[in-house]
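Given next are the chains, with one letter for each unit.
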Amino acid sequence: MSIEQHPGGPPEPPASAEESSRQEVQQWRELRAQRLAQLRPESWADYRARYLIPTISFLAVVAVIVIGGATTPGFLSQTNMLSIIRIAALTGIMGLGMTFITMSGSFFSLSSAQTGALCSISFAAMITWGWGWPASLIVTLLIAAAVGAVQGAFVAAGANPVVITIAAAAAIIGVPAILTDSRAIIIDTTEAHVIGRSTGFGVPIQTWTFIALIVIAQFVLVRTRFGRAVTLAGANREAAKAAGLPIARIEVWTFTLASITAGIAGIFVAAQSNRGLITNLEATTLEVIAAVLIGGTAIQGGEGSMIRTAFGAMFIVAINSLLVLRGYSPAIRTLVEGLAVVAGVSLFWLARGGAKR
Amino acid sequence: MRRAQRTSVRRGRGLLLLAASLVVALVAVGAGCGDDEPKGADSKEIIVFSRTSSDTYQAAWQRGMVKTATDNGYTVTFFENNADQNEQNNQVSQQIGGGAEPAAFAWMPADASAGAATLKRLSETGIPVFQVNQLPPAGTEDYVVAYAGVNDVINGRTSGELIAEARDEMIADGRISASDPTRLAIIKFHPEFAASIDRLAGMRSVIGADIDAGVYEIVGEAEDAVDAATGFDAASSIMSRLQETGVDIVYAQNDASAAGVIQALIEGGFTPGDDVEVIGGNCRDDVSDLTSGLQFGTGLQGAELEGEFSMQMIINYLNNREVAAGEYEAPATADGYPDWPETISKYNFIPNPPVKGDEVDGYRLWGQSMVAWCSY
């Protein structure tokens with residue numbers, strides 16, 4: 001992109017060089033050089049944010065699918081593809097909420113899995129109490145929102161988000177463990193199947209929900225004042241404060257949204273398996289974080305996308321499926337997942353020009 | 001004169017010191033000789049190092065331990081770890097360092113091999129140590145007075161018997177042909193989990209020769225299935241292969257994961273109980289899949305039952321301090337607890353009877369219905 005094409009380019013040269021002293025010309029040249037130095041990386045940043053990083057995320061998923069399809073019988077079958085997008089939906093839904101937190105500069109929530117487990121138990125309990133699935137769903141999501149808002153309030157007050165969410169994870173899982181005496185809550189009716197087992201056009205409802213949430217979350221992130229405030233808060237916290245953005249409110253909302261998405265995942269698990277368990281979604285926290293990172297969201301915030309997080313979730317589940325079908329052990333699969341995160345984060349770091357963010 | 005006085009005083013002091021030393025030595029020797037009581041004999045507390053009760057099996061197991069201990073006048077203190085051997089090692093160090101002297105220690109390691117050194121330290125306290133839930137690995141048997149609990153090899157054997165029975169029924173019904181290999185899929189716990197390894201060994205002890213002879217063909221394996229959600233994910237991950245090859249019998253290592261497997265099979269176009277039979281490793285959570293015919297059968301390994309049995313064996317030992325060599329497998333009596341042996345064995349196992357779906361409603365073990373033992 002040339003300097004002339006960029007809006008707000010460098011100042012125009014004096015109308016007549018003869019009328020300017022040599023000193024003024026020199027000053028103008030220095031100013032232009034400074035402006036060019038500012039603009040060139042920025043245009044590159046525009047390019048890589050808009051095209052390069054999303055392209056890498058997308059190509060990573062495509063590469064796994066192409067390699068899997070070429071090397072592994074059954075990988076590209078309709079059943080396996082549906083299985084991948086169904087499993088990816090839970091990781092992805094939680095990832096969307098997590099992306100808001102990461103984008104805002106608060107790194108991650110380490111209590112997402114426990115919030116999901118809590119919600120699976122509360123939803124299952126309410127169904128068994130005969131509340132019906134709509135009321136059970138709404139009340140469970142309100143509980144999730146409250147759990148997230150409390151954590152967000154602590155973070156807004158200056159607490160470290162990692163420490164707070166670790167502590168919250170213990171507390172969140174402890175309460176239902178005490179209340180249920182660590183027993184499974186069995187849903188002995190088919191009432192929850194409308195949420196857990198129904199399909200539309202052969203695609204599971206979890207996947208449709210995931211797709212709808214990607215659209216909504218991306219719209220909120222890009223097209224709303226809240227979304228832009230989240231991005232700015234993560235990109236430059238001091239500038240955001242100076243601009244008068246309500247940082248505390250942003251923290252509370254991002255943690256609330258992340259908690260709600262974890263709650264949705266918990267409800268889906270309970271409805272699908274007919275069980276509320278404190279071990280539900282137990283191992284998902286790291287997968288969710290991996291999805292966000294492989295999606296190219298900057299760890300320190302300010303840059304990211306919901307669509308890319310969705311690609312990240314798809315990538316993790318697809319590569320896991322490929323390795324299972326090829327008979328690799330869980331140890332190998334965990335290793336590959338870890339390497340993918342390292343490779344992804346390194347690649348995005350290079351794509352960002354090796355900047356600190 | 002003064003010198004004589006000083007000498008006399010010195011002699012007196014010397015005699016006094018000698019007398020005092022003799023008294024101290026006699027007291028010490030006397031205390032040692034008279035200590036016939038084993039260490040911790042006066043205590044009515046049993047300390048248990050176990051995995052976290054956030055797991056429903058562990059929680060029910062603990063309830064069983066507490067029930068039997070309370071009935072016999074003992075209290076139980078649990079030190080739980082989150083499947084972390086290092087955390088458990090630290091807990092043991094704290095108890096030893098703090099001078100704990102309970103009547104007995106019960107040791108449920110997170111990782112038996114990795115915890116061997118800690119088990120040795122525990123045994124060196126002189127307080128009886130019992131291993132529970134997970135068999136002691138080779139070389140650590142001498143560190144424990146006895147083992148009391150589940151035998152995952154027996155559990156796997158039960159599953160192997162059920163697999164063979166399901167095959168026979170399917171052949172008899174004309175659902176599969178005896179001349180074709182029976183297509184078997186296996187949904188496991190984490191493959192490095194000792195229970196998974198032992199259950200597979202037990203299963204292979206029954207049908208391993210048939211697998212090798214081609215009577216069974218293993219058409220798919222998936223891991224990391226411990227509950228309904230992970231069971232569903234594991235089965236879904238190999239569903240395309242199962243659709244391609246077909247599958248006659250699926251063995252899941254517990255019934256919770258079997259529930260997820262059944263749902264994945266239904267969504268994959270199979271009909272459990274008709275074109276495919278599902279065998280669960282042990283009953284868990286609920287029995288609705290068994291009673292509805294979606295699941296062929298399971299092993300009755302109740303968590304609370306195991307906890308009660310382990311504690312009973314510890315208390316029996318504390319009553320007479322004797323251990324017989326060899327194994328004891330508690331009988332699967334229907335209407336009440338069996339007559340416990342006065343002298344426990346080195347290895348004491350709970351029963352693990354196979355139960356088919358149509359037997360569940362009337363099945364009783366140790367005075368309780370199967371539904372009661374298996375719902376937790």
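Here the structure is a predicted model, which means the values were calculated and not measured.

The rules behind the values
Residues numbered from 1 in each chain as written. Chains lettered and ligands numbered in written order. Predicted model: local features only at pLDDT ≥ 70, side-chain atom pairs only at ≥ 80, totals over all residues. Helix = DSSP H or I, 4+ residues; strand = E, 2+ residues; numbered from the N terminus. Buried ≥ 20, exposed ≤ 12 C-beta atoms within 10 Å, placed from the backbone. Contact = placed C-beta atoms within 7 Å. Rg over C-alpha atoms; globule rule 2.2 N^0.38 Å. Nonpolar A, V, L, I, M, F, W, Y, C, P; charged D, E, K, R; others polar. Domains from an automatic or database assignment. Pairing = 2+ DSSP bridges. Axes fitted to C-alpha atoms, helices over the stretch in contact; angles between N-to-C directions. Core = buried A, V, L, I, M, F, W, Y, C linked by C-beta atoms within 7 Å.

## Concerning the overall build of chain A
Then, number 1: Check the secondary structure of chain A and you find 13 helices and four strands.
Then, number 2: Looking at chain A as a whole, 47% of its 357 residues qualify as buried.
Then, number 3: Within chain A, contacts between residues separated by at least 24 positions form 78% of all contacts whose residues are at least 6 apart in sequence.

## Quick notes on the overall build of chain B
Then, number 1: What chain B contains, in helices and strands, is 12 helices and 15 strands.
Then, number 2: Computed over C-alpha atoms, the radius of gyration of chain B comes to 27 Å, more than 25% over the 21 Å expected from 2.2 N^0.38 for 376 residues, which places it beyond the range of a compact globule.
Then, number 3: When the 376 residues of chain B are sorted by exposure, 51% land in the buried category.
Then, number 4: Partitioning the contacts of chain B with sequence separation of at least 6, the portion at a separation of at least 24 is 73%.

## Things to note about the environment of V269 of chain A
Then, number 1: Relative to the helices and strands, V269 of chain A is located in helix α10 (residues 247-273).
Then, number 2: Residue V269 of chain A is classed as buried on the basis of its 29 C-beta neighbours within 10 Å.

## Let's talk about the interface of chain A and chain B
Then, number 1: On the chain B side, the residues contacting the 28 residues of chain A number 30 residues.
Then, number 2: Looking at the side of chain A that touches chain B, the elements that each hand over two or more residues are α2 (78-103), α5 (161-180), α10 and α12 (306-325) of chain A.
Then, number 3: Element by element, the count of residues in the side of chain A that touches chain B is highest for α2 of chain A, at four residues.
Then, number 4: Taken together, the residues of the side of chain A that touches chain B break down into 12 nonpolar, 12 polar and four charged.

## Points about the domain arrangement of chain B
All names here are of chain B.
Then, number 1: Per the domain assignment, the segments making up chain B are domain 1 (45-150 + 303-353 + 363-368) and domain 2 (153-299).
Then, number 2: Every contact between the two is made by seven residues of domain 1 and, on the other side, seven residues of domain 2.
Then, number 3: Residue classes in the side of domain 1 that touches domain 2 are distributed as four nonpolar, three polar and no charged.

## Comments concerning the sheet that holds strand β1 (residues 45-51) of chain B
Residue and element names in this part refer to chain B.
Then, number 1: With parallel pairing, the seven strands of this open sheet are ordered in space as β2-β1-β3-β4-β5-β12-β11. Of all strands in the sheet, those with a lone pairing partner are β2 (75-81) and β11 (323-329), marking the two edges. Strand-to-strand twist across the sheet, computed as the mean angle between neighbouring axes with direction ignored, equals 25°.
Then, number 2: Contacting β1, β3 (104-107), β4 (129-132), β5 (146-149), β11 and β12 (344-349), helix α11 (residues 303-320) runs over the sheet at an angle of about 150° to β5.

## Regarding the nonpolar core
A general trend in soluble globular proteins is that nonpolar side chains are found buried together.
Residues and elements named next belong to chain B.
Then, number 1: Counting 203 residues, the largest nonpolar core has W107, F130, V250 and I314 as its most contacted members.
Then, number 2: Structurally, this core is a two-domain feature, drawing no fewer than three residues from each of domain 1 (45-150 + 303-353 + 363-368) and domain 2 (153-299).
Then, number 3: Among residues more than four places away in sequence, those in contact with F130 are A104, A106, W107, V144, V145, A146, A148 and I314.

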